[in-house]
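Remarks on the overall topology
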Amino acid sequence: MQVVPRPRALVFDWDNTLVDSWLCIQHTYNATFRHFDLPEWDMSQTRAHVAASMRDSFPAMFGTRWQEASEVFSAAFAAIHLDHLAPLPGAAALLEALAATDMILAVVSNKRGHFLRREAEVLGWSDHFVRLVGAEDAPADKPDPAAVTLALAGTGLSLSPEVWFIGDATVDIECAVRAGCTPVLLRPEPPRPGEFPATPARVVTDCRALGALLVEVAVPIAPEWC
């Protein structure tokens, strides 16, 4: 098992790392596809194809009408995303425990920034993070390291293995590797052969397991954190 350094900062993905978003994402894509009379996605297709930001993925998906598709998607998402907003098990308790430590916490997501920050506000999590970086906030979106650089701006930390990037998707692991951070995969399913550009430094199944890993590397979380 790869040795990992004690982190000074934790940069989290958002969707399906801290909050359960798949159903909302599927409904929003399908509303967009209906607008264009395109076939809808089932959940397996949604999980397989969604990771990149709209500005990176929509031109290939919708061609010259990608900006129209972006507007349709955003309107459909705005109408339902707070109704679907649900923390993943253990996420709220873990963030509260981490907020009581010296950890710097941030978020880098390919969800548009205003939606991301509104969701954090509704959950009461905004104050846990030094910055919540969404799509189009940085000069380039995940997996470009620019988004991580922005997330840590003003903290005194530079990109290094002492920054853990925690996420559930290939784009998260690629972002961590490109940024020189420690990539941590958080999801119930194990990595598939050849799925990632580099092997994640650690794999945890959920927020409870992430908390146990942080205790293992001497992050001072109270044992009863969950």
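Along each chain, residue indices are assigned from 1 in the same order as the chain's sequence is written. It should be noted that, the model being predicted, local features are given only for residues of pLDDT at least 70 and side-chain atom pairs only at 80 or more, the latter also being counted only at that level, while totals for whole chains, interfaces and linings use all residues. Only hydrogens and water are set aside; all other atoms, that is, all heavy atoms of the structure, feed into the side-chain values.

Describing the pairing of strand β2 (residues 104-112)
To keep it simple, the criterion reads: Residue exposure (1.4 Å probe, protein chains only): buried if accessible area is under 20% of the type maximum, exposed if over 50%, otherwise partly exposed. Starting at the N terminus, helices and strands are each numbered in turn, a helix being any DSSP run of H or I of at least four residues and a strand any DSSP run of E of at least two. What makes two strands pair is DSSP finding at least two bridges between them.
Burial analysis of β2 places eight of its nine residues in the buried class, the great majority of the element. Pairing between strand β1 (residues 9-12) and β2: four bridges, direction parallel. Counted as the bridge partner of V11 is A106 from β2. Where β2 and strand β3 (residues 131-135) come together, four bridges link them in parallel fashion.

Considerations on helix α4 (residues 66-84)
Formally: A helix is expected to span 1.5 Å for every residue after the first. Think of it this way: the bend at a residue is just the angle between two axes, each fitted to seven residues, one set ending at that residue and the other starting at it. Residues are treated as being in contact if the distance between any of their heavy atoms lies within 4.5 Å.
With 19 residues, α4 should reach 27 Å at 1.5 Å per residue; the first-to-last C-alpha distance of 25 Å fits that figure. Maximum bend of α4: about 40°, positioned at A78. Inspection of α4 places A69, S70, V72, F73, S74, A76, F77 and H81 among the buried residues, and these make up the whole buried set. Summarising the contacts, the buried residues of α4 are in contact with α1 (22-35), α3 (54-62), β2 and α6 (113-123).

Re empty space enclosed by the protein
Operational definition: Lining residues are defined by having an atom within 4 Å of a point belonging to a cavity or pocket. Those points lie on a 1 Å grid over the protein atoms alone, cavities being sets where a 1.4 Å probe fits but cannot get out and pockets being open sets with protein on both sides within 12 Å along at least five of seven lines. Grid points are joined across faces, edges and corners, and a volume is the space filled by probe spheres set on the points. Classes in brief: Ala, Val, Leu, Ile, Met, Phe, Trp, Tyr, Cys and Pro nonpolar; Asp, Glu, Lys and Arg charged; the others, Gly included, polar.
According to the stated counting rule, one finds two cavities of 30 Å³ or more in the structure shown. The volume enclosed by the largest cavity comes to roughly 380 Å³. Together, 25 residues line the largest cavity, and D15, I25, V50, N110 and K111 are the ones closest to its centre. Elements supplying a minimum of two residues to the lining of the largest cavity: α1, α4, β2 and α8 (170-179). Residue contributions to the lining of the largest cavity peak at four residues, all from β2. Per-class residue counts for the lining of the largest cavity are 13 nonpolar, five polar and seven charged. Roughly 50 Å³ of volume is contained in the second largest cavity.

Let's talk about the sheet that holds β1
The line we're drawing: To get an axis, a line is fitted to the C-alpha atoms, and for a helix only the part in contact is used. The angle between two axes follows their N-to-C directions and goes from 0 to 180 degrees.
Strand order in the open sheet formed by six strands is β3-β2-β1-β4-β5-β6, and the pairing between neighbours is parallel. The open sheet has two edge strands, β3 and β6 (202-204), and neither has a second partner. Looking at each pair of strands side by side, their axes are set apart by 20° on average, direction ignored. As defined by bridge partners, strand β5 (residues 182-186) adjoins β6 across three bridges and the pair is classed as parallel. Bridging across to β6, V184 finds its partner in R202. Its contacts with the sheet place α8 against β2, β4 (163-167) and β5, and it is angled at close to 165° to β5.

Examining the packing of α1 against α4
Which entries qualify depends on this criterion: The handedness criterion is simple: a crossing whose near helix is rotated anticlockwise from the far helix by less than a right angle is left-handed, and one whose near helix is rotated clockwise is right-handed.
Relative orientation of the contacting elements α1 and α4 amounts to 145°, with a least axis distance of 9 Å. As for the relative orientation of α1 and α4, their crossing is right-handed in sense. Note on element contacts: α4 touches α1 through E68, A69, V72, F73, A76, F77, I80, H81 and H84, opposite L23, C24, H27, T28, Y29, A31, T32 and H35. Grouping the constituent residues of the contact of α1 with α4 by class yields 10 nonpolar, six polar and one charged.

A word on the packing of aromatic side chains
Which entries qualify depends on this criterion: Ring pairs shown here join Phe, Tyr and Trp side chains whose ring centres sit within 6.5 Å, with only the six-membered ring taken for Trp; geometry is labelled stacked below 30 degrees between planes, edge-to-face above 60, and tilted in between.
Scanning all chains against the criterion turns up 12 aromatic pairs. Look at F73 and F77: their rings are 6.3 Å apart centre to centre, the planes differ by 5°, and that puts the pair in the stacked class. With F73 and F77 both in helix α4, this residue pair falls four residues apart, about one helical turn. Both residues of the pair, F73 and F77, belong to the buried class. Consider the rings of F77 and F115, whose centres lie 4.9 Å apart with planes at 65°: the pair is edge-to-face.

Notes on the layout of surface pockets
Approximately 560 Å³ is the volume found for the largest pocket. Of all the elements in the fold, those that place two or more residues in the lining of the largest pocket are α2 (43-49) and α8. In terms of residue class, the lining of the largest pocket is made up of 11 nonpolar, four polar and eight charged.

As for the side chain of H81
Turning to its location among the elements, H81 is positioned in helix α4. Owing to a relative accessible area of 5%, H81 belongs among the buried residues under this scheme. If near-sequence neighbours (up to four positions away) are discounted, H81 is found in contact with C24, F115 and E119.

Any link to function would need more than the numbers given here.
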